[in-house]
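If you want the building blocks of each chain, they are given just below.
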Amino acid sequence: MAGVAPPGTGTGSGIYRGNGPRLMLPVWAFIGIFLVLPVLLMAVYSFLTKEFRGGVIWDPTLAAYDKFFLDRGLFGDEPPVIEWTYIGIFWRSIWQAGLATLFCLVIGFPTAWFIATRDVRTRSAWLFLVTIPYWVNLLIRTVSMKFLIRDTGPLNEFLLWTGVVDGPLGLVNTNLAVQIGLFYSYLPFMVLPIYAAVERYDFALSEAAADLYAGAWTTLRLVILPVVRPGIVAGCILVFVPSLGAFLAPDLLGGAKTFMIGSLIEEQFKGAAGNWPFGAAASMILLSIVLGVLLLYARSQAKGAR
C-alpha cells in the first residue's frame, strides 16, 4: 500500500533496533566517569596510607578501617578495644536519618494526598508551592533556617512577644535543630513520589470499601496504603539516604553532640590535618550500609512479586 514503509526500513521504533548499545554509550560513559570512577578511587584511597601533609601515600594498609573499628591507644601499642566513638557517630546518623524520614512521612503523606485530591487545574499551583523553596541553594536555605531559629531570630522573638515562652528556646546546636534542618531539606523528596502514587490511585476502591462497611482507618490500612506503597517506599529511600550522609544541617544547626557521619567524612578531606584514607574508609562503610538497605528492599520486592 502506498505510504506504508516496508518492515525494518522505515520510521518508528524500527530504526533503533540493534542500535541500543551504541545509543547508550554516552549514558554509560557519563555514569562511568562521574559515578563509578570516583567510587572506585575512594575505595582505593581507603586502603592507602595517610600522608603527613594531607593526601595519600601509595602504601597499601588496613590502618583506616582498623582506626574506625578499633582503639589501640595514643601510640598504637596498646591491646585493641572497640572504638565506640565512630560507631556511635554512625548510630547517631542512622537514627537521625530514620527520624527525619518518619517526620517527612507523617507530614508528606497528608500533603501529597491533599494535593492529589485537588482539582486538576490547581494541582500544579500546589506542587509549585511545595517546590519553590528548593530553587534556592541548600546551603543558603540551611543558613536561613539557622537565622530563623536562633535565640535572637524571628521564631524566638515572636514567641517572646506573644508570651508563649519566658526565654529563648535555645534550639541551635541541638538534635532538634538538626531534625528541623533535615526535615526542611528533604520533605519534597517524600511528597512528590507519594503524590505520583496517589494520583494514579483508583478512588473507586475506597468507595467499594465504604460499601462493604469499612471505616476510614480500615480503608486506609487495607486498601489505600497497599496501593500507594511503592510511592511511600520510594519517598522513604529518597529521604533516608541523603539524610544519612548529610553534613550541612549537622554542621550549621548542630554542635559537637550532633556530629554525624557526613560531617566526619567532610572533616577528613579538609586541609593538611585531614586523613584521606580514613575519610575514604568511612565513606565506603557508609556506602556499604546504604547498598545493604537497598539490596534488602530489592530482595523483598522480588519475593513479593513471585
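Residues numbered from 1 in each chain as written. Predicted model: local features only at pLDDT ≥ 70, side-chain atom pairs only at ≥ 80, totals over all residues. Heavy atoms only, no water.

### Quick look at the overall build of the protein
So, step 1. Scanning the protein for helices and strands turns up twelve helices and four strands.
So, step 2. Over its C-alpha atoms the protein spans a radius of gyration of 25 Å, topping by over 25% the 19 Å that the globule rule assigns to 306 residues.
So, step 3. When the backbone C-alpha atoms are referred to their principal axes, the protein occupies close to 80 × 70 × 35 Å.
So, step 4. When each of the 306 residues of the protein is scored for burial, the buried share is 32%.
So, step 5. Summarising the internal contacts of the protein: among those between residues at least 6 apart in sequence, 62% fall at separations of at least 24. (Helix = DSSP H or I, 4+ residues; strand = E, 2+ residues; numbered from the N terminus. Rg over C-alpha atoms; globule rule 2.2 N^0.38 Å. Buried < 20%, exposed > 50% of the residue type's maximum accessible area, 1.4 Å probe, protein only. Contact = heavy atoms within 4.5 Å.)

### Overview of the nonpolar core
So, step 1. Among the nonpolar cores identified, the biggest contains 28 residues, and Phe109, Ile115, Leu182, Val191, Ile194, Tyr195 and Val228 are the most heavily contacted of them.
So, step 2. Contact partners of valine 228, with chain neighbours within four places excluded, come to Phe109, Ala197 and Val198.
So, step 3. If you look at the next biggest cluster of nonpolar residues, it comprises 20 residues, including Tyr65, Ala97, Leu264 and Met284. (Core = buried A, V, L, I, M, F, W, Y, C linked by side-chain atoms within 4.5 Å.)

### Re helix H9 (residues 216-244)
So, step 1. Taking 1.5 Å as the rise per residue, H9 with 29 residues should run 42 Å; its terminal C-alpha atoms sit only 34 Å apart, a clear shortfall.
So, step 2. Taken as a whole, H9 carries its principal kink of about 60° at arginine 229; the proline proline 230 stands between one and four residues after it.
So, step 3. Every buried residue of H9 is accounted for by Thr219, Val223, Ile224, Val228, Gly231, Ile232, Val233, Gly235, Val239, Phe240, Ser243 and Leu244. (Expected span 1.5 Å × (residues − 1). Bend = angle between axes of the 7 residues up to and from the residue.)

### What to know about the UniProt feature "transmembrane region" (unreviewed entry) in the protein
So, step 1. Listed under "transmembrane region" (unreviewed entry) in the UniProt record, and renumbered for this structure, are residues 27-48, 94-115, 127-149, 176-198, 219-241 and 276-298.
So, step 2. With 100% helix and 0% strand, residues 276-298 has end C-alpha atoms that lie 32 Å from one another. (UniProt positions renumbered as here; feature names shortened; annotations may be inferred.)

### Regarding the pattern of salt bridges
So, step 1. For the coordinates displayed, the defined rule picks out four salt bridges.
So, step 2. Put simply, aspartate 119 and arginine 121 hold a salt bridge, and the shortest N to O gap is 2.9 Å.
So, step 3. Judged by relative accessible area, arginine 121 falls into the exposed class, the value being 74%.
So, step 4. Of the charged contacts in the structure, one is a salt bridge between glutamate 267 and lysine 270, with a shortest N-O distance of 3.8 Å. (Salt bridge = Lys/Arg side-chain N within 4 Å of Asp/Glu carboxyl O.)

### Looking at the packing of aromatic side chains
So, step 1. Under the definition given, this model contains 19 aromatic pairs.
So, step 2. Judged by centre distance (6.1 Å) and plane angle (50°), the rings of tryptophan 113 and tyrosine 201 are tilted. You can see tryptophan 113 sitting in helix H3 (residues 84-116) and its partner tyrosine 201 sitting in the loop between helix H7 (175-199) and helix H8 (204-211), a full 88 residues away along the chain.
So, step 3. Given a relative accessible area of 4%, tyrosine 201 falls into the buried group.
So, step 4. In this structure an aromatic cluster arises from ring pairing among Phe68, Phe69, Tyr86, Phe90 and Phe278.
So, step 5. Between lysine 67 and the ring centre of phenylalanine 278, over which it is positioned, the NZ or CZ distance is 4.7 Å. (Phe/Tyr/Trp six-rings, centres within 6.5 Å; stacked < 30°, edge-to-face > 60°. Lys NZ or Arg CZ within 6 Å of the ring centre and 35° of its normal.)

### Here's the deal with the environment of phenylalanine 114
So, step 1. Mapping phenylalanine 114 onto the fold places it in helix H3.
So, step 2. What makes phenylalanine 114 partly exposed here is its relative accessible area of 33%.
So, step 3. The spatial distance from the C-alpha of phenylalanine 114 to the C-alpha of valine 198 is 9.6 Å, given a sequence separation of 84 residues.

### Observations regarding unusual backbone geometry
So, step 1. A positive phi angle is found at asparagine 173, which is not glycine, with a value near 65°.
So, step 2. Residue placement: asparagine 173 occurs in the loop between helix H6 (154-162) and H7.

### Section: the side chain of serine 185
So, step 1. Of note, serine 185 is situated in helix H7.
So, step 2. A distance of 2.7 Å separates a polar atom in the side chain of serine 185 from the backbone oxygen of glycine 181. (Polar contact = N/O pair within 3.5 Å; in protein donor to acceptor, adjacent residues only side chain to side chain.)

### Quick word on the packing of helix H4 (residues 120-131) against H7
So, step 1. Running from N to C, H4 and H7 point in directions that differ by 160°, and their axes come no closer than 10 Å. Relative to H7, H4 is oriented roughly antiparallel. Between H4 and H7 lies a crossing of left-handed hand. Contacts between H4 and H7 involve Arg123, Leu127, Val130 and Thr131 from the former and Pro188, Val191, Leu192, Tyr195 and Glu199 from the latter.
So, step 2. A class-by-class count of the residues in the contact of H4 with H7 yields six nonpolar, one polar and two charged. (Axes fitted to C-alpha atoms, helices over the stretch in contact; angles between N-to-C directions. Parallel < 35°, antiparallel > 145°, perpendicular 65-115°, else oblique. Left-handed = near helix turned anticlockwise from the far one by under 90°. Nonpolar A, V, L, I, M, F, W, Y, C, P; charged D, E, K, R; others polar.)

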